[in-house]
Amino acid sequence: MNRAKPVRVIAVASGKGGVGKTTVSVNVAVALARMGLRVALLDADMGLANVDILLGIYPKFNLAHVLSGERTLDEIMLDGPCGLKVIPGASGIQKMSELSTIEQAALIRAFSEIDQEMDILIVDTAAGISASVINFVRACQEIKVVICDEPTSLTDAYAFIKLLYKDYGIWEFDVIANMVPTIRQGKKLFEKLRKVTDYYLDVNLQFAGAVPYDLNLRKSVQQQSPVVLEYPESEVSLAIQAIAERIDAMPLKSQTGGYLEFFIERMIRYNSQERLL
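Residues numbered from 1 in each chain as written. Predicted model: local features only at pLDDT ≥ 70, side-chain atom pairs only at ≥ 80, totals over all residues. Heavy atoms only, no water.

### So, the pairing of strand β1 (residues 8-13)
Using the following cut-off: A simple rule labels every residue: compare its accessible area, found with a 1.4 Å probe on the protein chains alone, to the largest value its type can have, and call it buried under 20%, exposed over 50%, or partly exposed in between. Numbering of helices and strands runs from the N terminus, with a helix taken as a DSSP run of H or I at least four residues long and a strand as a DSSP run of E at least two residues long. Each pair of strands is called paired provided DSSP finds at least two bridges between the two strands.
Burial of β1 is extensive: six of the six residues sit out of reach of the surface. Here five bridges tie β1 to strand β5 (residues 120-125), and the two strands are oriented parallel to one another. Of the residues in β5, the one forming a bridge with Val-12 is Asp-124. With four bridges connecting them, β1 and strand β6 (residues 142-147) associate as parallel partners. Of the residues in β6, the one forming a bridge with Ala-13 is Val-145.

### As for the packing of helix α1 (residues 21-34) against helix α11 (residues 235-249)
Put simply, the rule is: Lines fitted to C-alpha atoms define the axes, with helix axes restricted to the stretch in contact, and inter-axis angles between N-to-C directions lie between 0 and 180 degrees. Two helices that cross are described as forming a left-handed crossing if the nearer one is turned anticlockwise from the farther one by less than a right angle, and a right-handed crossing if clockwise. Note on definitions: a residue-residue contact is assigned when non-hydrogen atoms from the two residues lie within 4.5 Å. Lys, Arg, Asp and Glu make up the charged group, whereas Ala, Val, Leu, Ile, Met, Phe, Trp, Tyr, Cys and Pro make up the nonpolar group; the residues left over, Gly among them, are polar.
The N-to-C vectors of α1 and α11 enclose an angle of 65°; their axes lie 9 Å apart at closest approach. Viewed along their axes, α1 and α11 form a crossing whose handedness is right-handed. Judged by residue contacts, Asn-27, Val-28, Ala-31, Leu-32 and Arg-34 of α1 engage Ile-240, Gln-241, Ile-243, Ala-244, Ile-247 and Asp-248 from α11. Considered class by class, the residues forming the contact of α1 with α11 number seven nonpolar, two polar and two charged.

### Topic: the environment of Ala-33
As for its position among the elements, Ala-33 is in helix α1. Owing to a relative accessible area of 6%, Ala-33 belongs among the buried residues under this scheme. Along the primary structure Ala-33 and Lys-85 are separated by 52 residues, whereas in three dimensions their C-alpha atoms are 9.1 Å apart. Those residues in contact with Ala-33, other than ones at most four positions away along the chain, are Val-39, Cys-82 and Leu-84.

### Focus: the packing of aromatic side chains
Keep this limit in mind: Classification of ring pairs uses Phe, Tyr and Trp, with its six-membered ring standing for Trp, and accepts pairs whose centres are within 6.5 Å; under 30 degrees between planes counts as stacked, over 60 as edge-to-face, and the remaining range as tilted.
Within the structure shown, the criterion is met by three aromatic pairs. Aromatic side chains Phe-190 and Phe-207 sit 5.4 Å apart centroid to centroid with 45° between the ring planes, which places their arrangement in the tilted category. Placement of the pair is Phe-190 in helix α8 (residues 183-200) and Phe-207 in strand β8 (residues 204-212), with a sequence separation of 17 residues. Ring geometry for Tyr-199 against Tyr-200: centres 4.7 Å apart, planes inclined by 80°, an arrangement best described as edge-to-face. As far as the burial class goes, Tyr-199 and Tyr-200 line up, both exposed.

### Considerations on a nonpolar patch on the surface
As a reminder, the rule being used: Note that patches include only residues with greater than 30% relative accessible area and no salt bridge, and the join distances are 9 Å for like charges and 5 Å for nonpolar side chains (Val, Leu, Ile, Met, Phe, Trp, Tyr). Calculation of accessible area relied on Shrake-Rupley with a 1.4 Å probe; when residues are assessed, cover is drawn exclusively from the protein chains displayed. A pairing counts as a salt bridge when a side-chain nitrogen of Lys or Arg comes within 4 Å of a carboxyl oxygen of Asp or Glu.
Residues Met-179, Tyr-213 and Leu-215 make up a contiguous nonpolar surface patch of about 290 Å² in total accessible area. Here Met-179 shows up in strand β7 (residues 172-180). Of the residues examined, Met-179 reaches a relative accessible area of 33% and is grouped as partly exposed.

### Observations regarding the nonpolar core
To be explicit about the condition: We define a nonpolar core as any set of buried Ala, Val, Leu, Ile, Met, Phe, Trp, Tyr and Cys residues linked to one another through side-chain atoms lying within 4.5 Å.
Formed by 45 residues in total, the largest nonpolar core has its most connected members in Leu-121, Ile-147, Phe-160, Ile-161, Phe-173 and Leu-193. Per-element tally for this core: the top contributor is helix α7 (residues 151-168), with six residues. Among the nonpolar cores identified, the runner-up in size contains 35 residues, and Ile-122, Val-228, Ile-243 and Ile-247 belong to it.

### Remarks on the pattern of salt bridges
Taken as a whole and judged by the stated rule, the model has eight salt bridges. A salt bridge links Asp-124 to Lys-21, with the nearest nitrogen and oxygen atoms 3.1 Å apart. Taken together, the positions of Asp-124 in strand β5 and Lys-21 in helix α1 put the pair 103 residues apart, joining distant regions of the chain. By sharing partners, the salt bridges in this structure join Arg-8, Glu-142, Lys-144 and Asp-174 into a single network.

### With respect to the sheet that holds β8
The sheet built from eight strands is open, its strands ordered β3-β4-β2-β5-β1-β6-β7-β8 with mixed pairing. Two strands bound the open sheet, and with one partner strand each, they are β3 (78-79) and β8. Across six bridges, the pairing between strand β2 (residues 39-44) and β5 is parallel. Within the sheet, the bridge partner assigned to Ala-44 lies in β5 and is Thr-125. Strands β1, β2, β5 and β6 of the sheet are contacted by helix α6 (residues 131-138), whose axis makes an angle of about 165° with β5. Against the sheet, α11 contacts β1, β6, β7 and β8, and its axis sits at roughly 150° relative to β8.

Remember that the coordinates give geometry; whether it matters functionally is a separate question.
What follows is the structure in structure tokens.
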């Protein structure tokens, strides 16, 4: 089957929890959708899925129902703001390696069906370096690592990058500094991380932007609505918009395949390889 246009698949990850990764994922996704792009947001935190909560939407079905054959991907996909499509995560699925052959085939078919209907798929992973997280990240074309100004955040982000580089040969990462006092200080935080990776690892870290701490963000979370919509002129919204525009302006990274069915197929292949080790 010929594909007219590849879908950009972006993982948003973090070494530790509590850095605001999901909030960044949701708001960047909405900002991209508001720019006229066809965007889907996959909640890949199978244990603690909460994208739907931040958006104030309540899924009746999720990926578990797709895997069981009860629903199609189109049937579980929810409409978010600005045309954003939301794919709710399935709690209780700990590892992609636990999926049966039938479940794997169901996911491949489901994602390939929507391949030509979107421009960007954002994958909001769980925090940490579990096998599930690593498999999702390895299946994506681009990796955005979210950090904040805490020693544990930088330490865990470095461990995350080191693992992907040393064990899987992934060497390109984009870094988003979140909850920083100013954009300038966010850049300094990035430079602190890059100084360490430049010394110990042969990786390419790029600054993807900084999101300043803003009480409007907390308000928007309480309101279960994206800050870019509730407070579009706030400092935090303008910063998120800049990140979205930077993503849109970046050329699509070359890789094998590049379509949504390859996203799932790569996860299956990686898990199969690891079971043989």
